[in-house]
Structure formats: structure tokens, C-alpha cells
Amino acid sequence: RRPSLFGGAGMALLRDLDGRPDELWCRADHGPHGYLSIAAHAHADALAVEVRVGGVDVLADPGTYCYGAEPAWRAYFRSTLAHNTLEIGGADQSAAAGPHLWARQARSELEHVAGLDGGPVAEWRAAHHGYHRLRPPAVHHRSLRLDRRARRLVVEDRVEAAGAHDCRLAYHLGPEVACTLDGSRAVLSWPAGHGRRCATLTLPAGLAWRRLEGRTDPPAGWYSPGFGVRVPAVTLIGAGRAGGGQALVTVLQLDHGGTA
């Protein structure tokens, strides 16, 4: 049996359990910021999620791309905004002090898991304290709920703070995924067999959403399949205010019709 929870790495997997070829697979990150004190190769990605369907990256980690040669691109690819998580106060969760050094590291903690290895629903909930340095201090809470029968993933973000903060919520799509955005509703499709698979991403309506792809100044909308390589990919960014425990709810619904 494949494990679903990796304690040391701080990783949980929510997925189908029946071995179907179009497996819905979601990885949730509640682990330490990086390895040892300076966390040299870490990214500011606390509570980030990835989703694959049938092995295709639907919600993707954009990768690393480079180390020291291109500082602006290095800063982007390891930033909070370059991951599927919530940026608060216009700052990364962890504070960098150079291309391979972090001055402050976000601390994450797992709060709840259930149903990872059985049953119709899998759940995960975690928080990180990287934004305690803001005024007022803020804690990001995120929960996931995978309904296996409905093939639906619900992501709920809350900001615990005495007041509201500017925020940006990002979802990075894999390079094979096409996207049409209409307000807070995104229709996704990607190659699958001899047709295309479809899904709907319903985004928090309280945020103003933009579709970005291949932007260079500042960087946004990229995926790095290997070191030194980057290709355009769609990024959805929602900007607004969050605080006081108000929920930002995202729903990814797979099309039950299969391929088109």
C-alpha cells in the first residue's frame, strides 16, 4: 500500500484509492521550510498544493529554473506568489537574505488529517506562522477536502488577524492546461488519450482575478520543466483583502463526462 502521510517531510497525499488511470492526486505541503538552518534550496511555499489528473499537472509547482545567474528569475521562482498558496501583505512567507540564504523561515504545523487511506472523503488542515512579522500579525490557515465520489477538491483559506491585509492567491496551471477565465470561474482542459479532459475551477469571488501567461516584467506565468528551461504556462492570481477569519473558498470540479 502506498503511504499517504510523510511526517518528516511534512507532506500529505489526498487521492483516489481505486487505481484508476485518470487518478486524481493532490499533494499538500505542511513541512519545514528547508534543510538545516539556512534552508539553502528552499522555496517560500508553505501550505502549497499540487494537483495531477492521470499524471498531468493541473495545479503545478512551477519549479526552480535557475540559481545565481539571473537574480530576478531566481527570486520569482522561489517566491510565495510563484506557488499555489496565499501571499499576505505583499511579502514572501519566509524572508530571503541572498540567493541561497533565508533570514526568517515560516513555521508550518499540521492540524488535522482524516480519510487519507479510506472512505469517500479525505481531509487535511494546516497553518503557518510566517506572517507573524506583519502588523497586525497574521496566521494563514488552509484546509483541503477531497470528495472522491464527486471528484471534487475544495480549498479553503483563512487569515487569522486582528485586522485585514492585502493578499494575493495564486494558482499555477501546468503547461499542458488551457484556461478560459470569466470573472471568478475558470474552465480548464488538457490532452487525455484521444481527447481532452475538462475541469472547472471556481475561485473566491471576493478577489479580483487575472489570467497571466509568459509575462517577463515582472515575471509571472511560467513553468520550468528543468534547470535553465522555462516555458509559458497560465497563472491565475486573485487580489484583494483577507482577515478576521473570512474564508476564501476554491473548488476544483472534474468533468464526469471524461474526455471530450
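The structure we're discussing is the one just above.
Enquirer: Just checking my understanding: could you explain the sheet that holds strand 13 (residues 165-172) for this structure?
Expert: Strand pairing in a sheet takes place through backbone hydrogen bonds and is either antiparallel or parallel in direction. Read from one edge to the other, the open sheet built from four strands follows the order 6-13-22-17, with strand pairing classed as antiparallel. Edge positions in the open sheet fall to strand 6 (86-88) and strand 17 (208-213), since each of these has one partner strand only. Across the sheet, the axes of successive neighbouring strands diverge by a mean angle of 25°, strand direction being ignored.

Enquirer: Where do I start with the side chain of His-172 in this structure?
Expert: Topologically, His-172 is positioned in strand 13. Classification of His-172 by relative accessible area gives buried; the value is 1%. At 2.8 Å, the side chain of His-172 and the backbone oxygen of Leu-81 are in polar contact. Looking at His-172, its side chain comes within polar contact range of the main-chain nitrogen of His-83, at 3.3 Å. The contact partners of His-172, leaving out residues within four places of it in the chain, are Val-58, Leu-59, Ala-60, Pro-62, Tyr-76, Leu-81, Ala-82, His-83, Asn-84, Val-234 and Thr-235.

Enquirer: Where do I start with the sheet that holds strand 2 (residues 11-15) in this structure?
Expert: Pairing within the open sheet is antiparallel, and its five strands lie in the order 1-2-3-4-5. Where the open sheet ends on each side, the last strands, each with one partner, are strand 1 (5-6) and strand 5 (56-59). Pairing of strand 2 with strand 3 (residues 24-29) involves five bridges; the strand directions are antiparallel. Across the sheet, the residue bridging to Met-11 is Asp-29, located in strand 3.

Enquirer: What should I look at first to understand the nonpolar core in this one?
Expert: Across soluble globular proteins, you tend to see nonpolar side chains buried next to one another. Among the nonpolar cores identified, the biggest contains 48 residues, and Val-51, Leu-144, Leu-188 and Trp-190 are the most heavily contacted of them. The biggest single contributor to this core is strand 12 (residues 152-161), with four residues. If sequence neighbours within four positions are ignored, Val-51 has contacts with Leu-24, Trp-25, Cys-26, Val-56, Asp-57, Val-58, Leu-59, Leu-153 and Leu-252. Core analysis: the next-biggest nonpolar cluster, separate from the first, contains seven residues, Tyr-65, Cys-66, Tyr-76 and Ala-82 among them.

Enquirer: When you look at the state of the cysteines in this model, what are you seeing that I'm missing?
Expert: When the sulfur atoms of two cysteines share a covalent bond, that bond is a disulfide. All chains considered together, the criterion is met by zero disulfides. Of all cysteine sulfurs, the one in Cys-179 lies closest to Cys-167, which takes part in no disulfide; the gap is 19 Å. Here Cys-179 stays free of any disulfide, with the sulfur of Cys-198 as its closest cysteine sulfur at 12 Å.

Enquirer: Any chance you could explain the pattern of salt bridges here in plain terms?
Expert: Where charged atoms from two side chains of opposite charge approach closely, those side chains can pair. If you walk through the whole model with that rule in mind, you get 15 salt bridges. Across the salt bridge formed by Asp-22 and Arg-20, the nearest N and O atoms sit 2.8 Å from each other. Taking relative accessible area as the criterion, Asp-22 reaches 18% and is therefore assigned buried. Two residues, Glu-123 and Arg-145, come together in a salt bridge whose shortest N-O distance is 3.7 Å. One end of the pair, Glu-123, is in strand 10 (residues 121-128); the other, Arg-145, is in strand 11 (residues 138-147), and 22 residues separate them in sequence. The structure contains a network of salt bridges with shared partners spanning Asp-16, Arg-20, Asp-22, Arg-151 and Arg-197.

Enquirer: Would you mind going over the side chain of Asp-157 with me for this structure?
Expert: If you trace the backbone, Asp-157 turns up in strand 12. Within the structure, the side chain of Asp-157 is placed 2.8 Å from the side chain of His-140, a separation counted as a polar contact. A distance of 2.7 Å separates a polar atom in the side chain of Asp-157 from a polar atom in the side chain of Arg-142. With residues up to four places along the chain from it excluded, the contact list for Asp-157 reads His-140, His-141, Arg-142, Leu-169, Tyr-171, Gln-246, Ala-247 and Leu-248.

Reading the values: rules and limits
- Residues numbered from 1 in each chain as written.
- Predicted model: local features only at pLDDT ≥ 70, side-chain atom pairs only at ≥ 80, totals over all residues.
- Heavy atoms only, no water.
- Pairing = 2+ DSSP bridges.
- Helix = DSSP H or I, 4+ residues; strand = E, 2+ residues; numbered from the N terminus.
- Axes fitted to C-alpha atoms, helices over the stretch in contact; angles between N-to-C directions.
- Buried < 20%, exposed > 50% of the residue type's maximum accessible area, 1.4 Å probe, protein only.
- Polar contact = N/O pair within 3.5 Å; in protein donor to acceptor, adjacent residues only side chain to side chain.
- Contact = heavy atoms within 4.5 Å.
- Core = buried A, V, L, I, M, F, W, Y, C linked by side-chain atoms within 4.5 Å.
- Disulfide = S-S within 2.5 Å.
- Salt bridge = Lys/Arg side-chain N within 4 Å of Asp/Glu carboxyl O.

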